[in-house]
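Coordinates in review
Here is what each chain is made of, one letter per residue.
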Amino acid sequence: MTNDAAGWLERSRRRRADRLAALDEELERRLPARYARRRPRRILAGAGAVTLGLFWVDAAVSWALAPSDTAMITNFVILGVLVVVGVPLAGQLIAVTRGLTSKRERELDERQLIARLRAFATAHRATTAVMIAVLLVVSVADRDGRDSQIPGAALFLILFALLVTHALLPLVVAAWQTADPPADEDEHEEPGATAA
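Heads up: these notes are all about the structure in this document.

Calculation rules
- Residues numbered from 1 in each chain as written.
- Predicted model: local features only at pLDDT ≥ 70, side-chain atom pairs only at ≥ 80, totals over all residues.
- Heavy atoms only, no water.
- Helix = DSSP H or I, 4+ residues; strand = E, 2+ residues; numbered from the N terminus.
- Buried < 20%, exposed > 50% of the residue type's maximum accessible area, 1.4 Å probe, protein only.
- Contact = heavy atoms within 4.5 Å.
- Areas by Shrake-Rupley, 256 points an atom, 1.4 Å probe, with all protein chains shown as cover.
- Core = buried A, V, L, I, M, F, W, Y, C linked by side-chain atoms within 4.5 Å.
- Expected span 1.5 Å × (residues − 1).
- Polar contact = N/O pair within 3.5 Å; in protein donor to acceptor, adjacent residues only side chain to side chain.
- Patch = residues over 30% accessible without salt bridge, like charges linked within 9 Å, V, L, I, M, F, W, Y side chains within 5 Å.
- Salt bridge = Lys/Arg side-chain N within 4 Å of Asp/Glu carboxyl O.

As for the overall build of the protein chain
- Of regular secondary structure, the protein chain possesses six helices and zero strands.
- Order of helices (α) and strands (β) in the protein chain, N terminus to C terminus: α-α-α-α-α-α.
- Relative to its full complement of 196 residues, the protein chain shows a buried share of 27%.
- Taking contacts inside the protein chain between residues at least 6 apart in sequence as the whole, the part at least 24 apart equals 81%.
- Accessible area of the protein chain: about 13600 Å², with a carbon and sulfur share of 62%.

Okay, structure coming up:
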């Protein structure tokens with residue numbers, strides 16, 4: 001690699017690190033104080049899980065009612081709710097976790113890497129359970145073999161729900177598992193104590 005390319009790469013990394021530091025400061029400033037404690041973060045994570053569940057409700061409605069106008073209207077209403085509620089909710093989850101699941105590994109410290117690994121491991125186990133459940137439900141419900149009449153929209157929505165669950169469940173789990181920030185050392189010092 002030439003010096004120009006190496007210099008450019010280093011400048012690019014430095015600019016990215018500066019942008020991430022500024023973003024972290026902005027998130028810290030804008031993040032409501034109510035998320036400083038575990039319970040509000042877990043309520044937010046629960047809302048994220050319910051929102052992910054709506055993707056599965058949409059697939060189930062499509063399976064039960066398609067092809068019909070009722071299924072189409074219901075699907076559009078659910079997808080509209082997901083866009084209106086889900087996008088801001090995902091933004092809040094990213095802010096609460098400070099981008100733990102989306103940052104590159106080299107941009108995280110050791111504590112954050114451990115938290116990220118825990119979140120991905122838990123989400124992986126949950127996604128595996130969801131895939132097994134979907135497999136069982138489809139196997140039990142579809143006993144007609146080649147004469148099966150499963151709506152194509154339902155199959156698409158099941159696969160889409162699985163993809164979204166796989167992509168966003170680590171974020172929900174990370175928000176659920178995020179520990180309270182460490183207390184300042186000044187708060188624990190005895191009044192009148194001096195540093196040695």
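Moving on from the coordinates now.
Things to note about the nonpolar core
- Among the nonpolar cores identified, the biggest contains 21 residues, and Leu-44, Leu-52, Phe-55, Leu-93, Leu-169, Val-172 and Val-173 are the most heavily contacted of them.
- Counting only elements with at least two residues in this core, the list comes to α2 (38–65), α3 (69–97), α4 (110–141) and α5 (152–177).
- No other element matches α5, which puts eight residues into this core.
- When residues no more than four places from it in sequence are discounted, the contact partners of Leu-169 are Leu-52, Ala-123, Ala-126, Thr-127 and Val-164.

Here's the deal with α4
- The first and last C-alpha atoms of α4 sit 46 Å apart over 32 residues, in line with the 46 Å expected at 1.5 Å per residue.
- In this structure, the buried side of α4 is in contact with α5.
- Measuring from the side-chain oxygen of the N-cap residue of α4 to the backbone nitrogen of Arg-111 gives 3.2 Å; that N-cap residue is Asp-109.

Looking at a nonpolar patch on the surface
- On the surface, Ile-73, Val-77, Val-81, Val-83, Val-84, Val-85 and Val-87 cluster together into a nonpolar patch covering about 630 Å² of accessible area.
- Mapped onto the elements, Val-83 comes out in helix α3.
- Given a relative accessible area of 55%, Val-83 falls into the exposed group.

Functional significance is not addressed by these values, which are geometric in nature.
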